[in-house]
Amino acid sequence: MGNIVLSIKDVNKTFGGLHALGDINLDIEEGKTHAIIGPNGAGKSTLLNVCIGRLEPDSGTVEFEGKNMIGLKPYEINHAGMVRVFQTPEIFPDLNVLENVMIPALAKQEGVFRFNAFTSLAGRRDIEEQARHVLEDLGLGGQIHDHAGSMSRGDKRRLELAMGLVQHPRLLLLDEPTAGMSRHDTNRTIDLLKKIKERGMTKIIIEHDMHVVFSLADRISVLAQGRIIAQGTPDEIRGNPKVQEAYLGGAEL
Amino acid sequence: MDAILIQILNGLDKGGAYALIALGLTLVFGTLGVVNFAHGALFMLGAFCAVITQKLLTVSKLVKDESITFFDAYKETPYLELWWGDFGKTIIDWSVPISILLTVPLMLLIGLSMERGLIRYFYKRSHAEQILVTFGLAIVLQEIVRSLFGANPIPTPAPSIIAGSAPIGAFLGLDEALVYPWWRLIYLLFSVFTVSAVFAFLQLTTFGMVVRAGMHDRETVGLLGINVERRFTIVFGIAAVVTGLAGAMYAPILSPDYHMGMDFLVLSFIVVVVGGMGSLRGAVAAGFLLGLLQSFASMNEVKSILPGIDQIIIYLVAVVIILVRPRGLMGRKGVMEE
Amino acid sequence: MSKRSLLKNDWVVMALFTVAVLSMPIWLAPIGAAYPDLLQKFAIFGIFAIGYNILFGLTGYLSFGHAVFLGVGSYTAVWSFKLLTMNVLPAVLFAMVVGGLFAVVIGYLSLRRSGIYFSILTLAFAQMSYNMAYSVLTPITNGETGLQLTKTDPRMIDAMFVAPGEGLPSTNLFGMSMSGYSGFYFCAVLLIIGFFISLRIFRSPFGLKLLAIKSNQNRMLYTGFNTKPYLLTAFVISGVYAGLAGALMAVTDPLAGAERMQWTASGEVVLMTILGGVGTLIGPLLGVGIIKYFENIFSALNTNTLHQTFSFLPDWLEDIVVAISSHFVGDGWHLTLGVLFMVIVIFLPGGVMEGFQRIAALARRLSRPQQEKAIQTSEQE
């Protein structure tokens, strides 16, 4: 087994009486793509929110590269190297596409706060280059001066991805990166994510689309009713009758 | 003890006015989702309804003064007095209570036209823009009033029968010397009555039920196929009437002038925030609470310990509440927090 | 295209701006606005609005309490005149520092909330300061009378150099009197510096980050920025600008009153910023110019002047027009302002600057069909 990047131990979370997460144990290996699947309401998003510091678990630990992540502010988690790509595009709608990507690039370089009111933005060629580079990778190179708020939904998703990638995170959390995309766009995104995989970035993907999951994942964890019911390689999961029963209602994968 | 009783009455009295204004403001905010900075102006317009009534009833002509016999003297005599003698005089004397007859239809008209003519175009725009446009409207309304009625406060006395003070000490078996102005007692009763009437209306009628549901979850109510928009127009009208009445009845306590709206606007926002954005009960509770606090803070005993506290107590409370408990006393979680 | 890239160069912009401001006494003369009193107002409120725009325009936080810093700046400056010296430099510096300190405290507390809660917090602080200036703080503010210079002021630094003369001394910059045109040029130089700083902020990474906070604050947190210090910095910068503007009011007229701190005074700077175009560099200055100029013109008008203006109309029409318009002039100027403001918010939320852009876009659209037609005809040939 390789280096463990993210280690989730005995995490529990209840909302009112509802047990959203029960005794979750999950280790994410460096350089691997780890998919989390499960039916609606299985607790996938809750788990992601716990990782990213939006929710605090009732018990258990979340350690990223040996450091405790629980109770940290979102920007502290970001600087630890864990970056989330949102399911519904969370971009800066009033800025242009290039600026949208320059902001996270600046964050990576500057830390949580830097007062640089007297340096010229136009003089920051390094930042602009980084942003352009990522945008070209994602096929958005032709619209860098467009107003981000008026892009199509699919383009916004790609922009969102660019904002995550430009920070070169140690761990990228993708929340349904292809939801709402056309088949064509989906395949394009899969290719792109494969390309990042070759560069060795660790990823967690939450996804409904089995095509995406099985094209990308090295390991898969199956969540149902807040518990992990199966874990393994895609082949192991494909053949696991428990998964087929709980998640797919017995249908063939 | 007596001093404290007086302060409680003073506080409830002030609180009654705050509660009424805040009730209207929060009704509009809760249903229409509009932050209305022209709300203070509605209070001011209400007070000027009393002024207008007084002016209408005292329309006069010059009549020879018979009591002066040495030379021809003329004096202004209201038509009502000429026509009906003492009965006319009594009517004029009662102009403030009579003004309610004018206030209700006029404020309803103003409220409805304000909503149809301006506010409804701002439902979908940002709170900042709502604040700005209603702030502009408030300036316009107050300047129109100044242009028509001048800049000085206009005395609008209560009926002379109740101009004096009520011997509440004697009522309650306390010190005989303990008295309190009649009109303020009436205002307190009036505000309690009006608040109850609004609540009864919202609780007991189907219209009120829809409005309450709309305050809770506007979209769902809209999806039920109920014409929410028309109801909200009416809600705005009701809010204008309630606020206007609060202003009209307040006229004998504070002589109306054109900028009283701006002064009460800040206060009413503070009251709404302390009570909790979108909570009607909270607005009423906070109105009375802040009224009481302010009145106790203005006692000499308190002022000698904390000089100037009477000037800032309300704002201080508001700051602490927003910082410590942003949803106010009774507000729901999540209203306007983002 | 080259024209546009020139305007992207800070130094070109600054050179143009400097010339425009310093030559105001010349090019404002034809419209009768070139006398010192009004010019000083342009510059002082210009500084106030530029600073306010750094907060409201870049971060979207709508403060109703900035008049507090204006008032505090004035009080500080007058105290500097009373205690130390009639030289304006210390007064201006102290006012900026004190304005900034007040902004740190009020900003730190108010910025714990956003949206309308932020607005109401600033409003509450403004009202508290205003009420206290009128009551308990009378020893410092001189209550309703306002803080004024007196003959018995110690003026410690001045006293070391010159014997107190007859009458009240006037403000000066190392001996140069600060009334009239010299007062305007002093304010104008500070306006130019203030504009330069604002230009740099708008075109800096810091400015971009503030805009991003306005656009989606939550996303900023997940992008790795702590937004609080950014907002507080912007708030304090705008507070320092307001303190400076307050000081300059005292420089040109050494008097400070509490009414300067009332929340409606804060409303005025909001009005100016919106009217010109919030979030644009030059918009707030246009807003100041328009409001202060028309305030000056309209307040001076009365029924007689109106009758003269409309004398070309038939008598009956003249009377009607005058009767209506007389409500909008003189004391009624505020009515005009309110109407103007509503019209702007309703139809042109981007202010005058948006109006310019729309006109430019319209002109482009009008000229394009002609070009296309020309191309079509040439193709047919």
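Residues numbered from 1 in each chain as written. Chains lettered and ligands numbered in written order. Predicted model: local features only at pLDDT ≥ 70, side-chain atom pairs only at ≥ 80, totals over all residues.

By the naming in an unreviewed UniProt entry, chain B goes by Branched-chain amino acid ABC transporter permease and is assigned to Sedimenticola thiotaurini. The record in UniProt for chain B states the following under Sequence similarities (unreviewed entry): "Belongs to the binding-protein-dependent transport system permease family. LivHM subfamily." UniProt's Subcellular location (unreviewed entry) comment on chain B is quoted here verbatim: "Cell inner membrane". (UniProt positions renumbered as here; feature names shortened; annotations may be inferred.)

As recorded in an unreviewed UniProt entry, chain A goes by the name ABC transporter ATP-binding protein, listed as coming from Sedimenticola thiotaurini.

Bringing the interface of chain C and chain B into the picture now. Taken together, the contact between chain C and chain B spans 34 residues of the former and 33 residues of the latter. Breaking the side of chain C that touches chain B down by element, the ones donating at least two residues are helix H7 (115-134), helix H14 (263-276) and helix H18 (333-347) of chain C. Among the elements that take part in the side of chain C that touches chain B, H7(C) stands out by supplying twelve residues, more than any other. Here the residues of the side of chain C that touches chain B sort into 21 nonpolar, eleven polar and two charged. (Contact = placed C-beta atoms within 7 Å. Helix = DSSP H or I, 4+ residues; strand = E, 2+ residues; numbered from the N terminus. Nonpolar A, V, L, I, M, F, W, Y, C, P; charged D, E, K, R; others polar.)

Let us look at the interface of chain C and chain A. In this assembly, 24 residues from chain C lie in contact with 28 residues from chain A. Where the side of chain C that touches chain A is concerned, the elements lending two or more residues are helix H10 (180-202), helix H11 (205-215), helix H12 (217-223) and helix H13 (227-252) of chain C. Here the side of chain C that touches chain A gets nine residues from one element, more than from any other, and that element is H11(C). Residue composition of the side of chain C that touches chain A, by class: eleven nonpolar, eight polar and five charged.

Attention shifts here to the UniProt feature "transmembrane region" (unreviewed entry) in chain B. All names here are of chain B. The feature "transmembrane region" (unreviewed entry), as given by UniProt, occupies residues 15-35, 91-110, 131-149, 185-211, 232-253, 265-293 and 305-324 in the numbering adopted here. The distance from the first to the last C-alpha atom of residues 15-35 is 22 Å, and the span holds 86% helix and 0% strand. Along residues 265-293 one finds 86% helix and 0% strand; the C-alpha atoms at either end are 19 Å apart.

This part is about the pairing of strand S2 (residues 18-29) of chain A. Residue and element names in this part refer to chain A. The pairing of strand S1 (residues 4-15) with S2 spans eight bridges and is antiparallel. Residue pairing in the sheet places Val-11 in a bridge with Ile-24 of S2. Adjacent in sequence and paired antiparallel, S1 and S2 are bridged by two residues, among which Gly-16 carries a positive phi angle near 60 degrees. (Pairing = 2+ DSSP bridges.)

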